[in-house]
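These are the residues of each chain, in order.
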Amino acid sequence: MQIGPYTIAPNVVLAPMAGVTDKPFRQLCKRLGAGLAASEMTISDPRFWNTRKSIHRMDHAGEPAPISVQIAGTEPQQLADAARYNVDHGAQIIDINMGCPAKKVCNAWAGSALMRDEALVARILDAVVKAVDVPVTLKIRTGWCADVRNAPAIARVAEDSGIAALAIHGRTRDQHYTGSAEYDTIAAIKAMLRIPVLANGDIDSPRKAEQVLRYTGVDAVMVGRAAQGRPWIFREIAHYLASGEELPPPTLQEVRDILLGHLHDLHAFYGEPQGVRIARKHLGWYAKDRPENAAFRAVVNAAETADAQLRLTRDYFDALIAGLPPALSPAA
């Protein structure tokens, strides 16, 4: 898949997720096979650009190209200014968020709420595309609600505005993440556009990725929640698409090493105590479906230092590797 001057290979992409796709997670997913990894949603209001959260979200030092930064907002000129600011700070692709279903985002008429106003969408896309000399991409849903699946109309506006690629989540805004994603709307949009289209929603295995690609005819698949605690899904999908063969799951030793590396990166990026707190949700995702995972989470979530969090995690996985019951106590 081509986005402007950038070849995205493999055609398996990490979906931007607020509070998840920070720099340590993006870099990890890229190392494990993601062809592209967009940043968390960054706010377009300049009053918040110098907050600690925004500074972290706009930190792209050392990331492999292309660096894709997602921006969110509702005012065309403000979004255009935000795009320029992020390009000046390393962004090589600007992605516009019109897919987030969160209430606090939609109540501000940002995210997927923008799909209710096609004229405003056109003004925003035109302003941002004209503001920067890098490719601009767009993320949308199939519509605002079941009765208003206007993604095809938005898609046409996007292509006419000069958007370089379009990602579509196969749910309406009012579905949030409930029910099942549908791909008929995505297939119809792909058939009518010339620009690359990415399918998002419920892509949680190599076989599902291949099925969605074949059914919709899209150029790439976008993986979101299925990558939480399972960042190796990108190499699994890429390998299956290239060979038709499924990779064996990672060994417990490899999972341990990937997780410990992820924790180290989080601690280094955020420092203590913030890195320890942010790591807790990732620990829960990695431990999901593993023996005594609830007890492990209860103990490791009580850790207040990076050293304790790392030690408890290493001891838990070492016990699983040795086939022993984990010693789940803070003094482990």
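Residues numbered from 1 in each chain as written. Predicted model: local features only at pLDDT ≥ 70, side-chain atom pairs only at ≥ 80, totals over all residues. Heavy atoms only, no water.

*Asks:* I'd love a proper account of empty space enclosed by the protein, names of residues and values included.
*Replies:* Scanning the entire structure with this criterion turns up one cavity of 30 Å³ or more. Roughly 120 Å³ of volume is contained in the largest cavity. If you trace the largest cavity, you find 16 residues lining it, with L36, D95, T137, L198 and M222 closest to the centre. Elements with a minimum of two residues in the lining of the largest cavity: β4 (36–43), β6 (93–98), β7 (136–143) and β8 (165–172). When grouped by side-chain class, the residues that make up the lining of the largest cavity number twelve nonpolar, two polar and two charged. (1 Å grid on protein atoms, 1.4 Å probe; cavity = no way out; pocket = protein on both sides within 12 Å on 5 of 7 lines; lining within 4 Å. Points joined across faces, edges and corners; volume = space filled by probe spheres on them. Helix = DSSP H or I, 4+ residues; strand = E, 2+ residues; numbered from the N terminus. Nonpolar A, V, L, I, M, F, W, Y, C, P; charged D, E, K, R; others polar.)

*Asks:* Could you give an account of the pairing of β4, with specific residues and numbers?
*Replies:* Counting buried residues along β4, seven of its eight residues qualify, which places the element largely inside the surrounding structure. Where strand β3 (residues 12–14) lies against β4, two bridges are found, and the strand directions are parallel. Pairing of L14 across the sheet is with A37, part of β4. Note that β4 and strand β5 (residues 68–72) share four bridges and pair parallel. Bridge pairing in β5 links T42 to I71. (Buried < 20%, exposed > 50% of the residue type's maximum accessible area, 1.4 Å probe, protein only. Pairing = 2+ DSSP bridges.)

*Asks:* How would you sum up the sheet that holds β5? Please name residues and give values.
*Replies:* Overall, parallel pairing links the eight strands, which are arranged β3-β4-β5-β6-β7-β8-β9-β10 in a closed barrel. Going across the sheet, the axis of each strand differs from the next one's by a mean of 30°, ignoring polarity. Note: β7 against β8, six bridges, orientation parallel. Bridge assignment links G143 to a residue of β8, and that residue is T172. (Axes fitted to C-alpha atoms, helices over the stretch in contact; angles between N-to-C directions.)

*Asks:* Lay out the packing of helix α10 (residues 252–270) against helix α11 (residues 274–287) in plain terms, naming residues and giving numbers.
*Replies:* The N-to-C vectors of α10 and α11 enclose an angle of 155°; their axes lie 8 Å apart at closest approach. With respect to each other, α10 and α11 are oriented roughly antiparallel. Seen from above, α10 lies across α11 with right-handed handedness. From α10, V255, I258, L259, H262, L263, L266, H267 and Y270 reach across to α11, where they touch Q274, G275, V276, I278, A279, H282, L283 and Y286. Residue composition of the contact of α10 with α11, by class: eleven nonpolar, five polar and no charged. (Parallel < 35°, antiparallel > 145°, perpendicular 65-115°, else oblique. Left-handed = near helix turned anticlockwise from the far one by under 90°. Contact = heavy atoms within 4.5 Å.)

*Asks:* Account for α10, naming residues and giving values.
*Replies:* For α10, built from 19 residues, the straight-helix expectation of 27 Å at 1.5 Å per residue is met to within 8% by its first-to-last C-alpha distance of 27 Å. Among the residues of α10, those classed as buried are V255, R256, I258, L259, L260, H262, L263, L266, H267, F269 and Y270. Immediately downstream of α10, the backbone of G271 shows phi near 75°, a positive value. (Expected span 1.5 Å × (residues − 1).)

*Asks:* Residue-level account of the layout of surface pockets, with values.
*Replies:* Taken as a whole, the second largest pocket spans an internal volume of roughly 270 Å³. Around the second largest pocket sit R225, Q228, G229, R230, W232, W285, Y286, K288, D289 and R290, which together line it. Of the residues that constitute the lining of the second largest pocket, the class distribution is three nonpolar, two polar and five charged.

*Asks:* Go over the confidence of the model for the protein chain, please, and point to the residues and values.
*Replies:* Here the protein chain averages 91 in pLDDT, while 92% of its residues score no lower than 70. Below pLDDT 50 for its whole length, residues 105–109 participates in 16 contacts with residues either more than four positions away or in separate chains. (pLDDT = per-residue confidence, 0-100.)

*Asks:* Please give an account of the packing of aromatic side chains that cites residues and values.
*Replies:* Enumeration over the complete set of coordinates arrives at four aromatic pairs. Ring centres 4.9 Å apart and planes at 80° place the aromatic pair F269 and Y270 in the edge-to-face group. Assessed through its relative accessible area of 14%, Y270 is described here as buried. Aromatic pair Y316 and F317: ring centres 5.2 Å apart, planes at 90°, arrangement edge-to-face. By the burial criterion, Y316 is buried, and F317 matches it. One aromatic cluster is present, built from ring pairs that chain together F296, Y316 and F317. (Phe/Tyr/Trp six-rings, centres within 6.5 Å; stacked < 30°, edge-to-face > 60°.)

*Asks:* Account for the environment of I203, naming residues and giving values.
*Replies:* Inspection of the secondary structure puts I203 in the loop between β9 (197–200) and α8 (206–216). For the pair I203 and K130, spaced 73 residues apart in the sequence, the C-alpha separation amounts to 33 Å. Residue contacts for I203: discarding those within four places in its chain leaves Y183, K208, A209, V212, V221, M222, V223, A226, I233 and I237.

*Asks:* Got a sec to walk through α8? Specific residues and values, please.
*Replies:* Helical geometry note: an α-helix holds 3.6 residues per turn, so side chains three or four residues apart project in the same direction. Residues P206, A209, V212, L213 and T216 constitute the buried set of α8. One face of α8 carries all of its buried residues, which in axial projection span an arc of 130°. Residues of α8 that are exposed and angled more than 90 degrees away from the buried face: R214 and Y215. Structurally, α8 contributes buried residues whose contacts are with α7 (184–192), β9, β10 (220–223) and α9 (233–243). A positive phi of about 75° marks G217, the residue just after α8. (Arc of directions from axis to C-beta.)

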